[in-house]
Amino acid sequence: MVPALRLLLAFLAIGSCIAADHIDLWPMPKSVIHGTQRLYVSKDLAMSMEGSKYSDGKAILKDAFQRTVDLLKLNHAADGANPSSYVLTGVNIAVHSPEDELNFGVDESYNLTIHTVGEPLHAQIENVLHWHIVDEQSFPIEIPSYPKLWNGSYSYSERYTMSDAVDIVRYAEKRGVNVLAEIDVPGHALSWGVGYPSLWPSDSCKEPLDVSNNFTFTVIDGILSDFSKVFKFKFVHLGGDEVNTSCWTATPHIKEWLNDNHMNVSDAYRYFVLRTQKIAISHGYDVVNWEETFNHFGEKLDRKTVVHNWLGGDVAPKVVAAGLRCIVSNQDKWYLDHLDATWEGFYMNEPLKGIDDPEQQGLVIGGEVCMWGEQIDASDIEQTIWPRAAAAAERLWTPIEKLAEDARSATSRLSRFRCLLNQRGVAAAPLAGDGRTAPYEPGPCVRQ
């Protein structure tokens, strides 16, 4: 991973939110010290890599730097015309690792020093896009091994080819983001049977997937084989949530299979999840599953399983106490489709709550805010995500000793960041009110 990519984000925030006596940064870094002199940015700002071990063969760093310069020019006169002021003409980026892969767990911290300002700035960030690609309503992605699967898409025009998926992964990589792909099985899979009806228990009872049919697992193997050629992140998400097993007992051939194998539906649910985990592991993945799998048979899960918490706040401590890794996304605080959830709630949600042992804290590998499709489309997605996602970002990225103890004391900084997003063309909603609320009345951006 290229640590300096994060440098550019922080550098941009400094340039855009400076005030007379302080600098408004979001998220707050581990440490920042600044002077009182104004620094202008040259319109010919250049990047150098003196002392760097990183070749930037994919131009990840070069492209990120140019995007930063383009954003700076949106709002700032960058001609350095004032001879009495300091002018920043170049940025030298020294990357200590020669690797450019987005490897999980690599130290991505960095220092940023502008010599007329003071000491270095430090931060550490891990970015992941969790792409819940398929669900019961739609199977929109091309699977070369089973080309009829995307017959279950909303429409012909609402699909992703494998080439599209490659473009998304590459776009993310250029921005320092890993893509975590998900197929949610055995529930949430009605759309699979549009192309392959034998995946349904029956024509009248269409999910969860048919646990008794070996073809079900052959298809899953084909999907994950195709995924492994595109989604190179070490994790894959296999879902496993909200499984209503009534179709299995209501379908004669599955009921017979259960009897022959001396299973009840709970046994079959466990069998499905564990067999699917083994398939994913055979393709080189570590597995993420939703928390219901842990709640029902946590002791049987592969020991490398990452349990994705979403139902409640008491699950993560149980997961890490059992020695498994965890991602926190408790729905009462970090579900963006909950339009009554305020940014203050996003900010104050502590993923390590109830976990005091340092080793167990290390098993919480991150948190995630979830933007489900129930309340959004292309017309309102940005204001539903922002600025609440930014509130959670500071909770996750900023050292705990630097976090505001009361969300209200962070309002000014987040408000300025929200205005900065608006200036850059991101339709971030006002802070005042719930969810994606509209402004109450005319007024300056920072007061909305």
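Within any chain, residue numbers begin from 1 and follow the written order of that chain's sequence. The predicted nature of this model means local features are confined to residues of pLDDT at least 70 and side-chain atom pairs, given and counted, to a pLDDT of 80 or more, with totals for whole chains, interfaces and linings taken over all residues. No hydrogens and no water enter the side-chain calculation; it runs on all heavy atoms of the structure.

**Examining the overall build of the chain**
To keep it simple, the criterion reads: By definition, any uninterrupted DSSP run of H or I lasting at least four residues is a helix, any uninterrupted run of E lasting at least two residues is a strand, and each is numbered from the N terminus. Accessibility here uses a 1.4 Å probe with only protein chains present; expressed as a share of the type maximum, an area under 20% marks a residue as buried, one over 50% as exposed, and anything in between as partly exposed. Throughout, a residue-residue contact means that at least one pair of heavy atoms, one from each residue, lies within 4.5 Å.
Assigned secondary structure in the chain consists of 16 helices and 11 strands. When each of the 448 residues of the chain is scored for burial, the buried share is 47%. At a minimum sequence separation of 6, the contacts of the chain that also span at least 24 residues come to 69%.

**With respect to the packing of helix α5 (residues 214–228) against helix α8 (residues 265–282)**
For clarity, the cut-off: Here the axes come from fitting lines to C-alpha atoms, over the contacting stretch only for helices, and the angles between their N-to-C directions go from 0 to 180 degrees. Here a crossing is called left-handed whenever its near helix is offset anticlockwise from the far helix by less than a right angle, and right-handed whenever the offset is clockwise. Residues are sorted three ways: Asp, Glu, Lys and Arg are charged, Ala, Val, Leu, Ile, Met, Phe, Trp, Tyr, Cys and Pro are nonpolar, and all the rest, Gly among them, are polar.
Between α5 and α8, the least distance of the axes is 10 Å, while the angle of their chain directions is 35 degrees. Helix-helix and strand crossings are classified by hand; for α5 and α8 the assignment is right-handed. Two secondary-structure elements touch here, α5 through Asn-214, Thr-216, Phe-217, Ile-220, Asp-221 and Leu-224 and α8 through Tyr-271, Phe-272, Arg-275, Thr-276, Ile-279, Ala-280 and Ser-282. The residue inventory of the contact of α5 with α8, partitioned by class, reads 7 nonpolar, 4 polar and 2 charged.

**Observations concerning helix α3 (residues 162–174)**
Defined as follows: Helix span is expected to be 1.5 Å times the residue number reduced by one.
Look at α3: 18 Å from first C-alpha to last across 13 residues, which is about the 18 Å you get at 1.5 Å a residue. Where α3 terminates, the next one or two residues include Gly-176, which has phi positive at roughly 75 degrees.

**Quick word on the pairing of strand β6 (residues 177–182)**
The condition is simple: The pairing criterion for strands is at least two bridges between them, as found by DSSP. When the strands point away from the viewer and the path from the first strand over the helix to the second turns clockwise, the crossover is right-handed.
In terms of burial, β6 is largely enclosed, as 6 of its 6 residues are buried. Covered by surrounding structure in β6 are Val-177, Val-179 and Ala-181 together with Asn-178, Leu-180 and Glu-182, the residues of both alternating faces. Two strands pair when backbone bridges link them, and strand β5 (residues 127–132) and β6 are joined in this way by 6 bridges, in the parallel orientation. Each residue of the ladder has a partner; that of Asn-127, found in β6, is Val-177. Traced from β5 through α3 to β6, the parallel crossover comes out right-handed.

**Focus on the pattern of salt bridges**
For clarity, the cut-off: Salt bridge criterion: a side-chain nitrogen from Lys or Arg within 4 Å of a carboxyl oxygen from Asp or Glu.
Taken as a whole and judged by the stated rule, the model has 10 salt bridges. Among the salt bridges present, the one from Lys-234 reaches Asp-286, with a minimum N-O distance of 3.5 Å. Of this pair, Lys-234 sits in the loop between α5 and β7 (235–237) while Asp-286 sits in strand β8 (residues 286–290), and the two are 52 residues apart along the sequence. Residue Asp-286 is classed as buried on the basis of its relative accessible area of 11%. One salt-bridge network, in which partners are shared between bridges, spans Lys-234, Asp-286 and Arg-325.

**A look at the state of the cysteines**
Put simply, the rule is: A pair of cysteine sulfur atoms is labelled a disulfide when the two atoms are within 2.5 Å.
For the coordinates displayed, the defined rule picks out 2 disulfides. What pairs with Cys-205 in a disulfide is Cys-247, and their sulfur atoms sit 1.7 Å apart. On the sign convention where negative is left-handed, the bridge of Cys-205 and Cys-247, at about -100 degrees about the S-S bond, is left-handed. Of this pair, Cys-205 sits in the loop between α4 (192–195) and α5 while Cys-247 is found in helix α6 (residues 246–250), placing the two residues 42 residues apart along the sequence. Residue classification places Cys-205 among the buried residues on the basis of a relative accessible area of 17%. A relative accessible area of 7% places Cys-247 in the buried class. The disulfide partner of Cys-419 is Cys-445, and the gap between their sulfur atoms is 2.1 Å.

**Some words on the environment of Val-265**
Looking at where Val-265 falls in the secondary structure, it is placed in helix α8. Remark: the alpha-carbon pair of Val-265 and Val-211, spanning 54 residues in sequence, is separated by 9.9 Å. Ignoring anything within four residues of it in the chain, the contact list for Val-265 reads Thr-245, Trp-248, Thr-249 and Leu-258.

**Regarding the nonpolar core**
Rules: Here, the term nonpolar core denotes a set of buried Ala, Val, Leu, Ile, Met, Phe, Trp, Tyr and Cys residues that are joined through side-chain atoms within 4.5 Å.
Core analysis: the largest hydrophobic core is formed by 82 residues, its most contacted members being Leu-149, Trp-192, Phe-227 and Phe-231. Of all the elements, α8 adds the most residues to this core, at 7 residues. Residues in contact with Phe-231, not counting those within four places in the same chain, are Trp-131, Ile-133, Ile-141, Ala-165, Val-169, Val-179, Ala-181 and Tyr-285. Judged by nonpolar contacts, the second largest core, of 12 residues, contains Val-41, Ile-60, Ile-93 and Val-95.

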